[in-house]
Amino acid sequence: MAELTYREAVSRAIAQEMERDETVYFIGEDVAAAGGVFKTTEGLLERFGPRRVRDTPISEQAIVGAVMGGAMNGLRPIAEIMFSDFFAVCWDMIANQIAKTRYMTNGQVALPLVIRTANGGGVRFGAQHSQSVEAWAMAIPGLKVVVPSNPTDMIGLFAAAVRDPDPVIVVEPKALYAMKADVPDGEIVDRLGAATVLREGSDVTICVLGSMVHRAMDAAERLAADGIGAEVIDVRSLVPLDTQAILASTTKTGRFVTVEESPRLCGWGAEVASIVAEEVFYDLDGPVVRITTPHIPLPSTDALEDLAIPSPDVIVERVKASMG
Amino acid sequence: MSKAVRSRSDKPRTDEAVRLEIYRMMVEARLFERRVHDLFLQGLVKGTSHLALGQEAIAAGYAAVLQPNDLVYCTYRGHVHTLLRGAPMAALMAELLGRANGICGGKGGSMHLTDVSKGAMGSYAIVGAHMPIAAGAAWAAKERETGQVVVCFFGDGTTNIGAFHEALNFAVVWELPVVFVCENNLYMEYTPIRSVTAVENPAADRASAYALEPILVDGNDPDEMHAVARRTVDLARSGDGPSLVEARTYRHGGHSRADPAKYRPEEEVAEWVARDPIPSLRERLIADGIDATTLDEIDRAAERVVDDATAEAQAGPPPDRSTLLTELWADGGSEWRN
Ligand SMILES: Cc1ncc(C[n+]2csc(CCOP(=O)(O)OP(=O)(O)O)c2C)c(N)n1
Ligand SMILES: [Mg+2]
């Protein structure tokens, strides 16, 4: 065991995979010499050299296009898109090219690649550097999407993503980069499509992702003090989605709540809530509840940003209200 | 006036066998696309199709110099490029007809013909998208030291989209073995390229912005095309990095099957049809001593090839319903939940 920050876990994850497989390459803006704008990739250039860890121009289409072409011709490349908001300038590559090429060619093309990106708010960057875009990626058939909520998951899910034969988007909540946790020594490899039950409870299922995991855990602690047993499920992987874990918990508790950092419309929780409503409706004791950011761009100032993103207070309040 | 230099191949040194092969490829491609057009008019090829009638010398020039493990990326106007890379004609035709024996099982269609086994790495229908992807394939070739060259074909209109510029800069900075070939057919869809572009030669005049030699070639001259192809592919193969070629050409028909191309002046069309690369190579070959009967035999053989491919394609059944949900993921399926 060693205590690591989430940002240190990112570089350990990349190093673990580059060490293991020489076809793993890592490219992005300011990722090599500068070690990343969030300092998540420090030391990789020194360790793996300037060919395998490489700075690119500010050309998001070229970065993502290059990993696609690289994957078509024998590499297992990793691209960093500095802020997930920048997906909007390379969305053609992600949504039209990477996601569709295998299907369109009837399986002639395999794309074992990873795009990792810093996502979400909480750091006062304003509307163009704070979005939670996991639902954009989830909406496109052909992309796998994971959101690690702690350093160990970052390493394990990232390793699973690199080893996966399909394109995987690894969404890193940038508000968590400074978070510290004990991480096991040695190689860590997880699997895609497995949610984890972080806390057991019998009264309500709270389904969460990314940075909201920690707020939901705080809220669950406080709900317990009031005699409400909240079961907290970290979804971790949106595609593939562990619906069995979510449905089993909801059947047990009879109540279902999502906590989403993304704006209201078409957030990941809307899809999960619809699955719950369709498949375990008669096990529910009350309406499903979605706690999300309002349907607005995120404001910059702390006073407003904190108001927008679901807080433990809001989660406690909404869960209690839903229980009547 | 343009600063672009015309590529001069002195006396084309292409030997006779290669010129005959280029002739054969162009004739096969021409007859194939004419057949596609006929089948379209019969309602058998559905959706859309973008023919390269008149532009065949460009793909043929490159096809004649590429090695089996080289990679080609092309656009929705990519029937010819894919065919001349060696993809089986019947499987291409079957794809256009939406049959199970199609090269993509009917999932790709006219705009996405692909045969990875032949290095035809795909036809891309979002303008410019394949340029960074081609650069990426060249990056892998360089890192893995495979000796492969990547050739990426695109249109004049594509020079005005961001991906063109990102890909060129990237390929030059990383010194990648890729050749970018602009087929300037004077129109982006229905609009004359000169009316929407800051420079006269949309690719060649921008080459200097990427520290590349401006190369402008007559894309309807198969000998010149072959010479430029050889030179640029050799450069890439020997580690001298990317090239950007602008080949002037013209499509005989409309942009896509729905387009009667009324926006083009009749004299312009007539002038370019008179410069059709196939009869002009034929005349040259005869002038250089090739027997006309040899060429006639090539023409007849091409007709048989297209007839056979059409029959084989049409014999295929529609795709099985079960294939709807296959091949999204590498495990062969499309499941997203447990
Ligand atoms: C990004 C994008 N914008 C617009 C289109 C619609 N479109 C398809 S082909 C085309 C014209 C492209 O012209 P050019 O690059 O000259 O190629 P050509 O069709 O002449 O071969 C356009 C505008 C598209 N497919 N993709
Ligand atoms: Mg054009």
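Note that the structure is a prediction, hence the values are computed from the model and not measured.

Undergrad: Requested: an account of the site of ligand 1, with residues and values cited.
TA: All names here are of chain B. The environment of ligand 1 is made up of 15 residues, and the closest members are Tyr-76, Arg-77, Gly-157, Thr-158 and Asn-185. At 3.0 Å, a backbone N or O of Ala-125 approaches a nitrogen atom of ligand 1. Contact distances for ligand 1 include 2.7 Å between an oxygen atom and a backbone N or O atom of Gly-157. When ligand 1 sits alone it has 580 Å² of accessible area, and the protein chains cover 75% of it. Considered class by class, the residues forming the shell around ligand 1 number seven nonpolar, five polar and three charged.

Undergrad: Describe the coordination of the magnesium ion (ligand 2), listing the residues and the values that go with them.
TA: All names here are of chain B. For the magnesium ion (ligand 2), the full set of protein donor atoms is Asp-156 (OD), Asn-185 (OD1) and Tyr-187 (O), and the range of their distances to it is 2.1 to 2.2 Å. Its relative accessible area of 1% is what places Asp-156 among the buried residues. The exposure class of Tyr-187 is buried, given its relative accessible area of 6%.

Undergrad: Go over the side chain of B:His81, please, and point to the residues and values.
TA: All names here are of chain B. In this structure, His-81 sits in helix α3 (residues 79–84). Judged by relative accessible area, which is 7%, His-81 ranks as buried. Reaching out from His-81, the side chain makes a polar contact with the side chain of Glu-183 at a distance of 2.7 Å. Contacts of His-81, omitting those with residues within four sequence positions, involve Ala-59, Cys-74, Phe-153 and Glu-183.

Undergrad: I'd like a description of the nonpolar core, backed by residues and values.
TA: Counting residues in hydrophobic clusters, the biggest one holds 121 residues, and the most contacted among them are B:Tyr73 and B:Phe180. Residues lining this core come from more than one domain, with at least three contributed by each of domain 1 (2–183) and domain 2 (196–322) of chain A. In terms of nonpolar packing, the next biggest core, distinct from the first, is built from 65 residues, B:Leu66, B:Ala87, B:Ile103 and B:Ala236 among them.

Undergrad: For the sheet that holds strand β7 (residues 168–173) of chain A, give the residues involved together with the corresponding values.
TA: All names here are of chain A. One open sheet holds the seven strands; their spatial order is β3-β2-β4-β5-β7-β6-β12, and the pairing between them is mixed. Across the chains shown, the open sheet's two edge strands, defined by having one partner strand only, are β3 (53–55) and β12 (237–239). Across the sheet, the mean angle separating the axes of adjacent strands is 20° when strand polarity is ignored. Pairing geometry for strand β6 (residues 144–146) and β12, over two bridges, is antiparallel. Each bridged residue has a counterpart across the sheet, and for Val-146 the counterpart in β12 is Ser-237. Strands in contact with helix α1 (residues 6–20) are β2 (24–28), β3, β4 (76–83), β5 (114–119) and β7; relative to β2, the strand with the most contacts, it is inclined by about 140°. Strand contacts of helix α3 (residues 60–72): β2, β4 and β5, with the helix running at about 165° to β4, the strand carrying the most contacts.

Undergrad: Please give an account of the packing of aromatic side chains that cites residues and values.
TA: Enumeration over the complete set of coordinates arrives at 18 aromatic pairs over all chains. Pairing B:Tyr187 with B:Tyr250 gives two aromatic rings, centres 6.4 Å apart and planes at 75°, and the pair type is edge-to-face. Here B:Tyr187, found in strand β6 (residues 187–188), pairs with B:Tyr250, found in the loop between β9 (243–248) and α8 (266–273); they are 63 residues apart in sequence, far enough to count as distant. In terms of burial, B:Tyr187 and B:Tyr250 fall into one category: buried. An angle of 40° between the planes, with centres 5.5 Å apart, marks the rings of B:Tyr190 and B:Tyr263 as tilted. Within this pair, whereas B:Tyr190 is found in the loop between β6 and β7 (191–192), its partner B:Tyr263 is found in the loop between β9 and α8, the two being separated by 73 residues in sequence. Residue B:Tyr263 is classed as partly exposed on the basis of its relative accessible area of 27%. Aromatic ring contacts, followed pair by pair, group A:Tyr6, A:Phe38, A:Phe83, A:Phe86, A:Phe125 and A:Tyr177 into a single cluster. In this structure, A:Lys144 packs its charged tip against the face of B:Trp329, placed 5.0 Å from the ring centre. Sitting over the face of the ring of B:Trp272, B:Arg275 holds its NZ or CZ atom 4.2 Å from the ring centroid.

Undergrad: How would you summarise the domain arrangement of chain A if you had to cite specific residues and measurements?
TA: All names here are of chain A. What the domain assignment reports for chain A is domain 1 (2–183) and domain 2 (196–322). Here the C-alpha centre of domain 2 lies 26 Å away from the C-alpha centre of domain 1. Contacts between domain 1 and domain 2 engage 23 residues on the former and 25 residues on the latter. Both sides together, the interface formed by domain 1 and domain 2 hides about 1900 Å², and carbon and sulfur atoms give 59% of it. At the boundary of domain 1 and domain 2, one finds three salt bridges. The residue Glu-305 makes a salt bridge to Arg-124 at a minimum N-O spacing of 2.9 Å. Remark: the boundary between domain 1 and domain 2 carries 13 residue pairs in polar contact (both at pLDDT 80 or more). Contributions of two or more residues to the side of domain 1 that touches domain 2 are made by α6 (134–138), β6 and α7 (151–163). For the side of domain 1 that touches domain 2, the class distribution of residues is 12 nonpolar, seven polar and four charged.

Undergrad: Go over the packing of α1(A) against α7(A), please, and point to the residues and values.
TA: Think of two packed helices as two axes; the pair is described by the angle between the axes and how far apart they sit. All names here are of chain A. Close contact between α1 and α7 brings their axes to 8 Å; oriented N to C, the two are set at 30°. By the angle class used here, α1 and α7 are roughly parallel. Seen from above, α1 lies across α7 with right-handed handedness. Across the interface between the two elements, Tyr-6, Ala-9, Val-10, Arg-12, Ala-13, Ile-14, Gln-16, Glu-17 and Arg-20 of α1 pack against Pro-151, Met-154, Ile-155, Phe-158, Ala-159, Val-162 and Arg-163 of α7. Along the lines of polarity and charge, the residues of the contact of α1 with α7 split into 11 nonpolar, one polar and four charged.

Undergrad: Lay out the sheet that holds strand β9 (residues 196–199) of chain A in plain terms, naming residues and giving numbers.
TA: Residue and element names in this part refer to chain A. Strands sit in the order β9-β11-β10-β13-β14 across an open sheet of five strands; the sheet is mixed. Each of the sheet's edge strands pairs with one partner strand only, and the pair in question is β9 and β14 (289–293). On average, each strand axis in the sheet is tilted by 25° relative to the strand beside it, whichever way the strands run. Sheet topology places β9 next to strand β11 (residues 230–234); three bridges connect them, and they run antiparallel. Looking at the pairing, Thr-196 lines up with Asp-234 of β11. Strand contacts of helix α9 (residues 243–253): β10 (204–208), β11 and β13 (256–263), with the helix running at about 175° to β11, the strand carrying the most contacts. Of the strands in this sheet, β10, β13 and β14 touch helix α12 (residues 312–322), which is tilted by about 155° from β14.

Undergrad: Break down the pairing of β7(A) for me, citing the residues and quoting the values.
TA: Each regular strand shows side chains that alternate between the opposite faces of the sheet. Residues and elements named next belong to chain A. In terms of residue burial, β7 counts as a mostly covered element, since six of its six residues are buried. Side chains Val-168, Val-170 and Glu-172 of β7 all project onto a buried face; the interleaved residues Ile-169, Val-171 and Pro-173 project onto the opposite face, where all are buried too. Inspection of the sheet shows β5 paired to β7 by six bridges, in the parallel sense. Directly across from Ala-118, in β7, lies its bridge partner Glu-172. Sheet topology places β6 next to β7; three bridges connect them, and they run parallel. Residue pairing in the sheet places Val-145 in a bridge with Ile-169 of β7. A crossover links β6 with its parallel partner β7, the connecting element being α7, and its sense is right-handed.

Rules used throughout
Residues numbered from 1 in each chain as written. Chains lettered and ligands numbered in written order. Predicted model: local features only at pLDDT ≥ 70, side-chain atom pairs only at ≥ 80, totals over all residues. Heavy atoms only, no water. Near = heavy atom within 4 Å. Polar contact = N/O pair within 3.5 Å; in protein donor to acceptor, adjacent residues only side chain to side chain. Areas by Shrake-Rupley, 256 points an atom, 1.4 Å probe, with all protein chains shown as cover. Nonpolar A, V, L, I, M, F, W, Y, C, P; charged D, E, K, R; others polar. Donors = N, O, S within 2.8 Å, 3.2 Å for Na, K, Ca; no water. Buried < 20%, exposed > 50% of the residue type's maximum accessible area, 1.4 Å probe, protein only. Helix = DSSP H or I, 4+ residues; strand = E, 2+ residues; numbered from the N terminus. Contact = heavy atoms within 4.5 Å. Core = buried A, V, L, I, M, F, W, Y, C linked by side-chain atoms within 4.5 Å. Domains from an automatic or database assignment. Pairing = 2+ DSSP bridges. Axes fitted to C-alpha atoms, helices over the stretch in contact; angles between N-to-C directions. Phe/Tyr/Trp six-rings, centres within 6.5 Å; stacked < 30°, edge-to-face > 60°. Lys NZ or Arg CZ within 6 Å of the ring centre and 35° of its normal. Buried area = accessible area lost by both parts, 1.4 Å probe. Salt bridge = Lys/Arg side-chain N within 4 Å of Asp/Glu carboxyl O. Parallel < 35°, antiparallel > 145°, perpendicular 65-115°, else oblique. Left-handed = near helix turned anticlockwise from the far one by under 90°. Right-handed = clockwise from strand over helix to strand, strands pointing away.

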